Amino acid sequence: MRAVTIETCGLPPVVAERPAPVASGAETVGVIAAPITPLDLLCAGGASYFGTPSVPYVPGVQGVGAVGGRLVWFPTPAGMAPGDGSMAELAAVPAEDLVELPGGADPFAVAALGLSAVAAHMALTWRGELAAGEQVLVLGGGGVVGQAAIQLARLAGARRVVAAARSPQAREQARQAGADAVVTLDTDDVAALAARFTAACEGPLDLVLDPLFGVPAAAAARTLRPGGRLVNLGSSASETSPLDSATLRSRSLRVLGYTNNELTREQRAAAITLIAERVTEGRLSVAHEVVPLERATEAWRRQAAGEATGRVVLSTT
């Protein structure tokens, strides 16, 4: 079969012929769509917290494919544990990990959202306890998590969704996702950024979805109402934040961590099903581009450099 292959950690993959996976105790999935995600790039770099993966291996921590006449979403441990992933014509997946998708679902749109949208949905609702009528600030609103969060917050009943992003392209993507206001992240002045957030909000801010941390998180915390919540699910801006004790204590804020790794298989499946349903209804989408598997090396480089139009999804067809 044709497969994307990591031969040397830290270098882009190549497309090569590899043996078809052995499906002992698993289902053989005919892969249709495989996204290139930040986790794939991190693992293939060889310096992730999962350790250096054994090479060669097929990357791809998730994908959409067909098995037994069904359209399914599936995860893989590629790059995090021994085994191959989704960026190939075939993948071997335990039957209990397959999530059947609704008829008519666009496999590329679902793949582009995937676990990023799961994180956005569960961080907002399960961890962040978003209630109807609340006001939400989404940091990193131009990324896949951010774009999904803007739309999912609205679908969950948020009355106003404010986004924040750094580049002009990211800010435009946040607007396209439906943000009521978009704040520019171009300063490391916490007080100045907090003032921008306050000006963009209409009344008390209830919940912050934060995949950035760093200065944006510290500024967002200053904008929250007493008892407000900040859910952190990433550190794209910095691993540390100048979040001050006075802000936390004076407002009795809740700062909560989130990871998809904490979800049960059932929670993950329910979230994927909801996301696929919203995609099929035309109520959820993110910027993405579909690239043939043969062009995976070039696409990988562009995704890693931030030059792609949103999330790159590889197509085996």
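As a starting point, this report considers the structure included with it. (Residues numbered from 1 in each chain as written. Predicted model: local features only at pLDDT ≥ 70, side-chain atom pairs only at ≥ 80, totals over all residues. Heavy atoms only, no water.)

### Considerations on the packing of aromatic side chains
And step 1. In total, this model carries 2 aromatic pairs according to the counting rule given.
And step 2. Considering the side-chain rings of Y49 and F50, the 4.5 Å spacing of their centres and the 45° angle between planes classify their relative orientation as tilted.
And step 3. Overall, the relative accessible area of 64% leaves Y49 in the exposed class.
And step 4. For the pair W126 and Y258, a centre-to-centre distance of 6.4 Å together with 85° between the ring planes defines the contact as edge-to-face. (Phe/Tyr/Trp six-rings, centres within 6.5 Å; stacked < 30°, edge-to-face > 60°. Buried < 20%, exposed > 50% of the residue type's maximum accessible area, 1.4 Å probe, protein only.)

### Points about unusual backbone geometry
With glycine set apart, most residues show a phi of negative sign, and most peptide bonds adopt trans.
And step 1. For the bond from V55 to P56, the omega torsion is 0°, close enough to zero to count as cis.
And step 2. By secondary structure assignment, the location of P56 is in the loop between α1 (38-45) and β4 (62-67).
And step 3. Non-glycine residue E129 carries a positive phi angle of around 55°.
And step 4. Relative to the helices and strands, E129 resides in the loop between α2 (107-127) and β8 (135-139).
And step 5. Take E129: its relative accessible area is 46%, and that puts it in the partly exposed class.
And step 6. Even without being glycine, S252 reaches a positive phi, approximately 50°.
And step 7. When you line up the elements, S252 lands in the loop between α7 (245-251) and β13 (254-257).
And step 8. A relative accessible area of 53% means that S252 is categorised as exposed. (Helix = DSSP H or I, 4+ residues; strand = E, 2+ residues; numbered from the N terminus.)

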